[in-house]
Amino acid sequence: MAETGSLQIDHNHPLFLQQIDTPRIALIDIKLTGPENYALWNRSIRMTLLVKNKLGFIDRTWLKSSYRGELAHQWEQCNDVVLSWIGRTVSTKLYPSIIYTSDVRKVWNKIEGMF
C-alpha cells in the first residue's frame, strides 16, 4: 500500500500512483501529429494506460464524482498525471489546444473529435 498523507491506497486501486508515475515521463515514443498517425497513437496510448491501470480516466470508468474527501484529491492528482502523459505524446502544434482543459476525459474527446 502507498501512503498519501493519511490516505493508504492499495497498488491495485485505480488512484494508486507509483513513484515513477510522474508528469515528466513519456509513456510512448509516438507523437500525435495528425490524422496520419492518430490510429497508431490511440492504440499505443490506450494499451499503456491499461497497463498503468489508468484507462478508466479516459473511458469514464473512474469519474471524479465517485470519490470523496482525500480520494477526490487523489483523483485530481491522477487526472493531472494522466493529462500530462497525454500532453507529452502530442505534437507541439496540438499541445496548446489541450493544455487548458482540466479533465483528461474532455481532452481525450477533444483529440478524438479532431481526428
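Residues numbered from 1 in each chain as written. Predicted model: local features only at pLDDT ≥ 70, side-chain atom pairs only at ≥ 80, totals over all residues. Heavy atoms only, no water.

Caption draft 1: The side chain of Lys54, seen in detail. Inspection of the secondary structure puts Lys54 in the loop between helix H1 (38-51) and helix H2 (70-87). Of the buried charged residues, Lys54 lacks a salt bridge, with Asp21 as the closest side chain of opposite charge at 5.2 Å. Leaving out residues up to four positions away in the same chain, Lys54 has contacts with Pro14, Leu15, Phe16, Leu17, Leu49, Trp62, Cys78, Val82 and Trp85. (Helix = DSSP H or I, 4+ residues; strand = E, 2+ residues; numbered from the N terminus. Buried < 20%, exposed > 50% of the residue type's maximum accessible area, 1.4 Å probe, protein only. Lys, Arg positive; Asp, Glu negative; His and termini not counted. Salt bridge = Lys/Arg side-chain N within 4 Å of Asp/Glu carboxyl O. Contact = heavy atoms within 4.5 Å.)

Caption draft 2: Structural view of H1. Here H1 spans 20 Å end to end across 14 residues, near enough to the 20 Å set by a 1.5 Å rise per residue. When H1 is considered as a whole, its buried residues turn out to be Tyr38, Trp41, Asn42, Ser44, Ile45, Thr48 and Leu49. The inward-facing, buried residues of H1 abut H2 and helix H3 (104-114). Following H1 by one or two positions, Asn53 has its phi on the positive side, about 60°. (Expected span 1.5 Å × (residues − 1).)

Caption draft 3: Seen up close, the pattern of salt bridges. Here the structure, examined in full by the defined rule, presents two salt bridges. Notably, a salt bridge pairs Asp21 with Lys52, separated by 2.6 Å at the nearest N-O pair. Taken as a pair, Asp21 in the loop between strand S2 (7-9) and H1 and Lys52 in the loop between H1 and H2 lie far apart in primary sequence, 31 residues in all. Each member of the pair, Asp21 together with Lys52, is buried. A salt bridge links Glu76 to Lys64; its shortest N-O distance comes to 2.3 Å. With Glu76 in helix H2 and Lys64 in the loop between H1 and H2, this pair connects stretches of sequence that are twelve residues apart. On the basis of relative accessibility, which here comes to 39%, the residue Lys64 falls in the partly exposed class.

Caption draft 4: Representation of the nonpolar core within the structure. In this structure, Trp41, Ile45, Leu49, Phe57, Ile86 and Ile111 are the most contacted members of the largest nonpolar core, which totals 30 residues. At the level of secondary structure, the elements contributing two or more residues to this core comprise S2, H1, H2 and H3. With seven residues, H2 is the largest single contributor of residues to this core. (Core = buried A, V, L, I, M, F, W, Y, C linked by side-chain atoms within 4.5 Å.)

Caption draft 5: Quick peek at unusual backbone geometry. The backbone of Asn53 shows a phi angle near 60°, a positive value even though the residue is not glycine. At Arg60, a residue that is not glycine, the phi angle is positive and equals roughly 70°. Mapped onto the elements of the fold, Arg60 is located in the loop between H1 and H2. Take Arg60: its relative accessible area is 48%, and that puts it in the partly exposed class.

Caption draft 6: Expanded view of the confidence of the model for the chain. For the chain, the average pLDDT comes to 93, and 95% of its residues sit at 70 or higher. Mean pLDDT across the secondary structure elements of the chain bottoms out at strand S1 (residues 2-4), with 52, and peaks at H1, with 97. (pLDDT = per-residue confidence, 0-100.)

Caption draft 7: Molecular detail of H3. Taken together, the buried positions of H3 are occupied by Val104, Arg105, Val107, Trp108 and Ile111. All buried residues of H3 lie within an arc of 160° about the axis, which places them on one face of the element. Counted as exposed and oriented over 90 degrees from the buried face of H3: Lys106 and Gly113. On the buried face of H3, the contacting elements are H1 and H2. One side-chain oxygen at the N-terminal end of H3 lies 2.7 Å from the backbone nitrogen of Arg105; it belongs to Asp103. (Arc of directions from axis to C-beta. Polar contact = N/O pair within 3.5 Å; in protein donor to acceptor, adjacent residues only side chain to side chain.)

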